[in-house]
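Fold and geometry: a report
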Amino acid sequence: MAATLATDAAAGAAPVLRSDAGGIATLVLNRPAARNALSSAAMAALQAEIDSIAGDPAVRVLVIGANGPAFCAGHDMRELRANPSRDAVAALFGESGKLMLSLIRLPKPVIARVQGTATAAGCQLVASCDLAVASSDAKFATPGVEIGLFCSTPMVAISRNVPRKRMMEMLLTGDAIDAETAAAYGLVNRVVAPEALEAETGALAARLAQKSALTIAIGKAAFYRQVESGFEDAYRVASEAMTRNMLSRDAGEGIDAFLEKREPRWEDR
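The structure reproduced in this document is the subject of the present report. (Residues numbered from 1 in each chain as written. Predicted model: local features only at pLDDT ≥ 70, side-chain atom pairs only at ≥ 80, totals over all residues. Heavy atoms only, no water.)

Section: the overall build of the chain
Rule in force here: A run of H or I in DSSP counts as a helix once it spans at least four residues, and a run of E counts as a strand once it spans at least two, with each numbered from the N terminus. To get the radius of gyration, use the C-alpha atoms; to get the globule rule, take the number of residues to the power 0.38 and multiply by 2.2 Å. With a 1.4 Å probe rolled over the protein chains alone, any residue whose accessible area is under 20% of its type maximum counts as buried; one over 50% counts as exposed, and the rest are partly exposed.
Looking only at helices and strands, the chain has eleven helices and eleven strands in total. Relative to the compact-globule value of 18 Å for 269 residues, the chain shows a C-alpha radius of gyration of 19 Å, a close match. Projected onto its principal axes, the C-alpha positions of the chain cover 60 × 45 × 40 Å. Within the chain, the proportion of its 269 residues that are buried is 43%.

Quick notes on empty space enclosed by the protein
Condition: A 1.4 Å probe that fits into a set of points on a 1 Å grid over the protein atoms alone but cannot get out defines a cavity; an open set with protein on both sides within 12 Å along at least five of seven lines defines a pocket, and lining residues are those with an atom within 4 Å of a point. Grid points are joined across faces, edges and corners, and a volume is the space filled by probe spheres set on the points. In the scheme used here, Gly and all other residues not listed as nonpolar or charged are polar, with Ala, Val, Leu, Ile, Met, Phe, Trp, Tyr, Cys and Pro taken as nonpolar and Asp, Glu, Lys and Arg as charged.
Summed over all chains, the structure comprises one cavity of 30 Å³ or more. Of the volumes computed, that of the largest cavity is approximately 40 Å³. Here the residues of the lining of the largest cavity sort into six nonpolar, one polar and two charged.

Observations concerning a nonpolar patch on the surface
Stated formally: Residues with no salt bridge and a relative accessible area higher than 30% make up the patches, which join like charges within 9 Å and nonpolar side chains (Val, Leu, Ile, Met, Phe, Trp, Tyr) within 5 Å. In these tables, accessible area is a Shrake-Rupley quantity obtained with a 1.4 Å probe, and a residue counts as shielded only by the protein chains included in the view. Only one rule defines a salt bridge in this text: a Lys or Arg side-chain nitrogen within 4 Å of an Asp or Glu carboxyl oxygen.
Taken together, the side chains of Val-145, Phe-150, Met-168 and Leu-172 make up a nonpolar region of the molecular surface, amounting to roughly 330 Å² of accessible area. The class for Val-145 is partly exposed, based on a relative accessible area of 32%.

Considerations on unusual backbone geometry
Notably, Arg-35 is not glycine yet its phi reads approximately 55°, a positive angle. Tracing the backbone through its elements, the reader meets Arg-35 in the loop between strand 3 (24-29) and helix 1 (40-54). The phi angle at Lys-261 is positive, at roughly 55°, despite the residue not being glycine. When you line up the elements, Lys-261 lands in the segment after helix 11 (249-259). The class for Lys-261 is exposed, based on a relative accessible area of 77%.

The analysis is restricted to geometry; functional conclusions fall outside its scope.
Here it is in structure tokens:
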């Protein structure tokens, strides 16, 4: 297992921990005392690791977890208030949007492993991952309205997971929902006992790591492009993706393996 630290020089801490094993990279938010709030340093550390993972053929799946009782409390309000100028605030939210988009554009599956409360941008982070496994004691909320700051950027990702009326209720009331409700809304895929969270997430990641990386990269990119398109454009995007995929070496190998009743041998090309 290889491990790296993305260090927050200002605080002398490591806001993000990384470990790699079996084709799976795990990034762990590591500001438990601050409820893993997304400071500019934490976002920069996450961004740097995601950019590194994007170009690393040894990594086939990314898992994002957290240390402490909270998954992520959203943006760091102390940092925002320390420099409330328009330029500083716009820059921070711009970096946040870039970070969330990088997860969607990453050509590898991303799984959120949610062990505690995910609020505001923390809930946005969960919604920006392709899949999410949550502990039964996890909670999710967009409570910005309670402090006079509507969760406008978090709602972009969350509203693409959660139906409109459910989303508006979360945004307008600020009330938290439990993990089972989050699953019913479509925000998370699975809810498991706290003691099973790491194993369940690891097993799911291991299954994905066994797939053709090329096939997943093509399919993931096509999924996000078509889901935001009208029917005609969506079919064009999907047809182009299927054609590219079908002409790949791995598709030929996978079909041959199916017909010959054997396990495929992926080459990711």
